Amino acid sequence: TRLVSDWSSDVCSSDLGNLVKGALCSGMRFGELTRLTVKDFDAKEGTVYVAFSKNGESRHVELNDEGIAFFGDMTQGRKDKEVIFLRSNGKAWQTSEQKRPMDAACESAKIEGVTFHILRHTYASHSVMNGMPIEVLAKNLGHKDTRITMRHYAHLSDGYMKKMIRQNAPSFGFNIKPGPVLVAKAS
């Protein structure tokens, strides 16, 4: 993640860099981010309200401490109706306007094949690898069904699943042959 934050600061224009950070902190799509207004961020609850998503439904996106701090910085001292993410010219981002600056940032960083949507996958992949349950991730990403989330990210959670089974499956005190040490569930 340090490399990603360096990339967003070092090779992205400041307006694209903020948008990149917003995507990495939330897993939100470009269109969702660019429609956000200051009032959509609730610092007390630690959420961002997405009024209209790809599937046509609204949702509250839960943020971690870093995301809360970032969105707090982006909204501080601004009016409720102001769009959070603006271009450097003060205007709102329009559909597909991220492509050229994103391509330029990738060229400058000497990386290929990265689109803005990859930032959403980066958020999701790291969330699962850090132990976020698929159901929680699916809801936060706005997936109507966990199947799409499972298809893309379940392979990243194998270690987490093993750890959770070892920590939480019941132990009945059977005599076991030497093997992996099983952890009895704490009472």
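K.L.:
Can you tell me about the packing of aromatic side chains, naming the residues and giving the values?
P.N.:
In the structure shown here, the tally under the stated rule is six aromatic pairs. For the pair Phe41 and Phe71, a centre-to-centre distance of 5.9 Å together with 25° between the ring planes defines the contact as stacked. With Phe41 in strand β1 (residues 41-42) and Phe71 in helix α4 (residues 65-75), this pair connects stretches of sequence that are 30 residues apart. There is no split in this pair, since Phe41 and Phe71 are both buried. Directly above the ring of Trp93 sits Arg87, whose terminal nitrogen or CZ lies 4.3 Å from the centroid.

K.L.:
Can you lay out the pattern of salt bridges for me, pointing to particular residues and giving the numbers?
P.N.:
Enumeration according to the criterion identifies eight salt bridges in this entry. One salt bridge connects Glu32 with Arg59, and the closest N-O pair in it is separated by 2.9 Å. Residue Glu32 is located in helix α3 (residues 30-35), and its partner Arg59 is located in strand β3 (residues 59-62); the two are separated by 27 residues in the primary sequence. As far as burial versus exposure is concerned, Glu32 and Arg59 are alike and both buried. We note a salt bridge from Arg147 to Asp145, for which the minimum N-O separation is 2.6 Å.

K.L.:
Account for the sheet that holds strand β2 (residues 47-50), naming residues and giving values.
P.N.:
Within the open sheet, the three strands sit side by side as β1-β2-β3. Their pairing is antiparallel. With one partner strand each, in any of the chains shown, β1 and β3 form the two edges of the open sheet.

K.L.:
Hey, could you go over the pairing of β2 for me, with residue numbers and the actual values?
P.N.:
Relative to β2, β1 runs antiparallel, the two being bridged by two bridges. When the bridges of β2 are listed, Phe41 appears paired with Val48. Where β1 folds back onto β2 in an antiparallel hairpin, the turn is made up of four residues, including Gly46, whose phi is positive at roughly 75°. With four bridges connecting them, β2 and β3 associate as antiparallel partners. By the bridge assignment, Tyr49 is partnered in β3 with His60.

Cut-off values and rules
- Residues numbered from 1 in each chain as written.
- Predicted model: local features only at pLDDT ≥ 70, side-chain atom pairs only at ≥ 80, totals over all residues.
- Heavy atoms only, no water.
- Phe/Tyr/Trp six-rings, centres within 6.5 Å; stacked < 30°, edge-to-face > 60°.
- Helix = DSSP H or I, 4+ residues; strand = E, 2+ residues; numbered from the N terminus.
- Buried < 20%, exposed > 50% of the residue type's maximum accessible area, 1.4 Å probe, protein only.
- Lys NZ or Arg CZ within 6 Å of the ring centre and 35° of its normal.
- Salt bridge = Lys/Arg side-chain N within 4 Å of Asp/Glu carboxyl O.
- Pairing = 2+ DSSP bridges.

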